[in-house]
Amino acid sequence: MNTPKHGQQTGPKTGITRRGALVGGVAAASLPLWARYSQAQTAAPIKIGFQVHRTGIGAAYGRWYDRTTQAAVKLINEGGGINGRMVEIVAEDDGTDPKRGAEVVEKFANQHGCDIGFGTLFSHVVIGSAPRAGELKLPYFVVSEGHHVASGMLNRYTLQPGITDVKSQVQAMAPYVAANLGKKVTMVFPDFAFGHDHRDFFTQAIEAQGGEVLAHIAIPPSETSFTKYFPKIPRDTEVLYHVMVGPAVLTFVKELGEFFGGQGPALFGFIDSLEAVAIDSPGLEFLENSYFWEGMCRDQQPDESAHETAYRAAVGVNERGASISDPRDVSTYAHMFGCWETLHVIKAGMEAAGYTGPQDRAALIEAVEAMTTLAESLAHPQGDKIFNGKTHQVFGHQNISRVEGGKLVRVHRTSIEDTLYPDEVDYTAQPF
């Protein structure tokens, strides 16, 4: 995969040169905003099927993925929509369940007449749903982090252009962990595909830094108490690497603190263990001076860009990453930007392809596959990214934050190059 060269044009590059797409795009752009908006109001909407975890272990994420999606669509529609048409979100709860996920994808295609599917987070739901999307020839834009897209496990109709994957994240984290926290690691992770990605790829990454994983502790995602697992942590562990998800994450981190009593190994967590949980909650004092990966920094940093500040306001989140209307309602800030950015990629792809309806689905996928650099902007407030059209996976900067005075303070930001790895698939070689 090529990285941008000096002077290379930024922004979503598509290479789509079909005359119809260009003429349509120029004509739409030449209209004044009021005319474009008026035209959009009279055209049939573009329907995006939003597969949302309203219930099940992903519900906290689903709530904030929904808010972020609605905010992005509001911005897109206020700007004239996509190709002069309003965007309509058709939401269906998948219960964070793979079987229901596939059923939801089928409803999008056959019952609701959606143009595409979008939004899935939990990896086991993606893996359960993507094959059906491929069979139905429904473009399926996931916001998941799992390595299942880039590994080649799925199909040409499944893309992850708005959020990075676990393999790239842990590859970029491991050098910092080994150099600053320790090389003898015990890992605690959820026992499904997302956790297995962490297990496999961080183990490889820390070994490449001269370290080793002493123990892998897999925990069922339905578990509600964790104390019984902690005695399995070897005594000579220098770093406890934790990544947990679901409604019991607060219980997990509280019990972790009670078990070690502030005397345990260094803690390095993925913020998944505390998404939707206030870092200064009672019982979490032991997290002071511990470290977390963050896709996007929950606490406002001193150098936050104007684009991110505008994004915070649009999604209704304050400087601590909580809801402006209810400071006790903490967001899933490190992940939900992926919905915002993916919707803007969809918009750019549809406009480049001159998308008019389901007959243009293949052209949409080809347009997204042709993208390379995504420049930091209001559409991409998390930062610059590189999209790999062959693997359908985006690559971007990663952040390591330390808890200081009950706040998450960024202490390291990786380069995009730190996250790159060799291609494992070429989806562009697969037929539609």
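Residues numbered from 1 in each chain as written. Predicted model: local features only at pLDDT ≥ 70, side-chain atom pairs only at ≥ 80, totals over all residues. Heavy atoms only, no water.

## Some details on unusual backbone geometry
Positive phi outside glycine occurs at Asn-83, with the angle close to 50 degrees. Positive phi, close to 65 degrees, is recorded for His-392, a residue that is not glycine.

## Quick notes on the pattern of salt bridges
Note on pairing: side chains with opposite charge can pair once their charged atoms come close. Filter applied, for reference: Think of a salt bridge as a Lys or Arg side-chain nitrogen and an Asp or Glu carboxyl oxygen that are within 4 Å of each other. Numbering of helices and strands starts at the N terminus; helices are DSSP runs of H or I of at least 4 residues and strands are runs of E of at least 2. Three exposure classes are used, based on accessible area relative to the maximum for each residue type with a 1.4 Å probe and protein chains only: buried under 20%, partly exposed in between, and exposed over 50%.
Enumeration over the complete set of coordinates arrives at 22 salt bridges. We note a salt bridge from Asp-329 to Arg-63, for which the minimum N-O separation is 3.2 Å. One end of the pair, Asp-329, is in the loop between α9 (306-315) and α10 (333-353); the other, Arg-63, is in helix α3 (residues 59-78), with 266 residues separating them in the sequence. Residue classification places Arg-63 among the partly exposed positions, given a relative accessible area of 35%. Taking the shortest distance from any N to any O, the salt bridge between Arg-199 and Asp-200 comes out at 2.8 Å.

## Overview of the pairing of strand β2 (residues 87-93)
How we decide: Pairing between two strands requires that DSSP report at least two bridges joining them.
Buried residues dominate β2, accounting for five of its seven residues. Relative to β2, strand β1 (residues 46-52) runs parallel, the two sharing seven bridges. Bridge pairing in β2 links Val-52 to Asp-93.

## Description of the sheet that holds strand β11 (residues 373-374)
Here three strands make up an open sheet; going across it, the order is β11-β12-β13 and the pairing antiparallel. Pairing within the sheet leaves two strands with one partner each, and these edge strands are β11 and β13 (393-396). Bridge count for strand β12 (residues 385-388) against β13 is four bridges, and the pairing is antiparallel. When the bridges of β13 are listed, Lys-385 appears paired with Gly-396.

## Points about the pairing of strand β9 (residues 266-270)
Put simply, the rule is: A clockwise course of the path from the first strand over the helix to the second, judged with the strands pointing away from the viewer, identifies a crossover as right-handed.
Counting buried positions over the five residues of β9 gives four, a clear majority of the element. Sheet topology places strand β8 (residues 239-242) next to β9; four bridges connect them, and they run parallel. From the neighbouring strand, Leu-240 faces β9, where its bridge partner is Leu-267. Assessed by its sense of winding, the connection that carries the chain from β8 through helix α8 (residues 249-260) to β9 is right-handed.

## Some details on the nonpolar core
Taken as a class, soluble globular proteins show a tendency for nonpolar side chains to be buried jointly. Where we set the bar: Working definition of a nonpolar core: buried Ala, Val, Leu, Ile, Met, Phe, Trp, Tyr and Cys residues. They are joined through side-chain atoms within 4.5 Å. Note on definitions: a residue-residue contact is assigned when non-hydrogen atoms from the two residues lie within 4.5 Å.
In this structure, Ile-48, Phe-118, Phe-202, Tyr-241, Phe-268 and Leu-274 are the most contacted members of the largest nonpolar core, which totals 100 residues. Top element by residues in this core is α10. It accounts for 11 residues. Those residues in contact with Ile-48 that lie beyond four places of it in its chain are Val-87, Glu-88, Ile-89, Val-90, Cys-114, Ile-116, Phe-118, Leu-343 and Ile-346. Of all hydrophobic cores here, the second largest spans 17 residues; its members include Val-90, Ala-130, Leu-138 and Leu-154.

## So, the packing of aromatic side chains
Aromatic rings in a pair are described by how distant their centres are and how their planes are angled relative to each other. Selection criterion: Only Phe, Tyr and Trp rings take part, Trp by its six-membered ring, and two of them pair if their centres are within 6.5 Å. Stacked means planes under 30 degrees apart, edge-to-face means over 60, and tilted covers everything else. Definition used: whenever NZ (Lys) or CZ (Arg) falls within 6 Å of the ring centre and also within 35 degrees of the ring normal, the charge is taken to sit over that ring.
For the structure on display, the rule yields 17 aromatic pairs. With 6.1 Å between their ring centres and 55 degrees between their planes, Tyr-176 and Tyr-291 make a pair best called tilted. Separated by 115 residues along the polypeptide, Tyr-176 in helix α6 (residues 166-180) and Tyr-291 in strand β10 (residues 291-294) bring together distant segments of the chain. Assigned by exposure class, Tyr-176 and Tyr-291 land together as buried. For the ring pair Phe-226 and Phe-252, a centre distance of 5.3 Å and an interplane angle of 85 degrees mean the geometry is edge-to-face. A residue pair is termed long-range when its members are at least 10 positions apart, and Phe-226 in the loop between β7 (212-219) and β8 and Phe-252 in helix α8 qualify at 26 residues. On the accessibility criterion, Phe-226 (2% relative accessible area) is buried. Judged by relative accessible area, Phe-252 falls into the buried class, the value being 0%. Here a set of aromatic residues connected by ring pairs shows up, and it is made of Phe-202, Tyr-241, Phe-268, Phe-270 and Trp-293. Sitting over the face of the ring of Trp-64, Arg-67 holds its NZ or CZ atom 4.3 Å from the ring centroid.

## Side note on the confidence of the model for the protein chain
Applied cut-off: pLDDT gives the predictor's per-residue confidence on a scale running from 0 to 100.
Taken as a whole, the protein chain shows an average pLDDT of 91; of its residues, 90% reach a score of 70 or greater. Across residues 1-29 the pLDDT falls below 50, and counting only partners more than four positions away or on other chains, this stretch makes 47 contacts in the model.

## What to know about the packing of α9 against α10
To keep things clear, this is the line we draw: Between the N-to-C directions of two axes lies an angle of 0 to 180 degrees, each axis being a line fitted to C-alpha atoms and, for a helix, fitted only over the stretch in contact. Angles are sorted into four bins: roughly parallel if under 35 degrees, roughly antiparallel if over 145, roughly perpendicular if 65 to 115, and oblique for all others. Each residue gets one label: Ala, Val, Leu, Ile, Met, Phe, Trp, Tyr, Cys and Pro are nonpolar, Asp, Glu, Lys and Arg are charged, and the others, such as Gly, are polar.
In the contact formed by α9 and α10, the axes pass within 12 Å of each other and the chain directions differ by 90 degrees. One way to sum up the angle between α9 and α10 is to call them roughly perpendicular. Contact with α9, carried on its side by Glu-308, Tyr-311, Arg-312, Ala-314 and Val-315, involves Tyr-333, Met-336, Phe-337 and Trp-340 of α10 and no other residues of that element. For the contact of α9 with α10, a count of residues per class yields seven nonpolar, no polar and two charged.

## Some thoughts on α3
Basically, it comes down to this: For a helix, the expected span equals 1.5 Å multiplied by the residue count minus one.
A rise of 1.5 Å per residue sets the reference length of α3, with its 20 residues, at 28 Å; its end C-alpha atoms lie 28 Å apart and thus fit the reference within 8%. Looking only at α3, the buried set comprises Tyr-61, Gly-62, Trp-64, Tyr-65, Asp-66, Thr-68, Thr-69, Ala-71, Ala-72, Val-73, Ile-76 and Asn-77.

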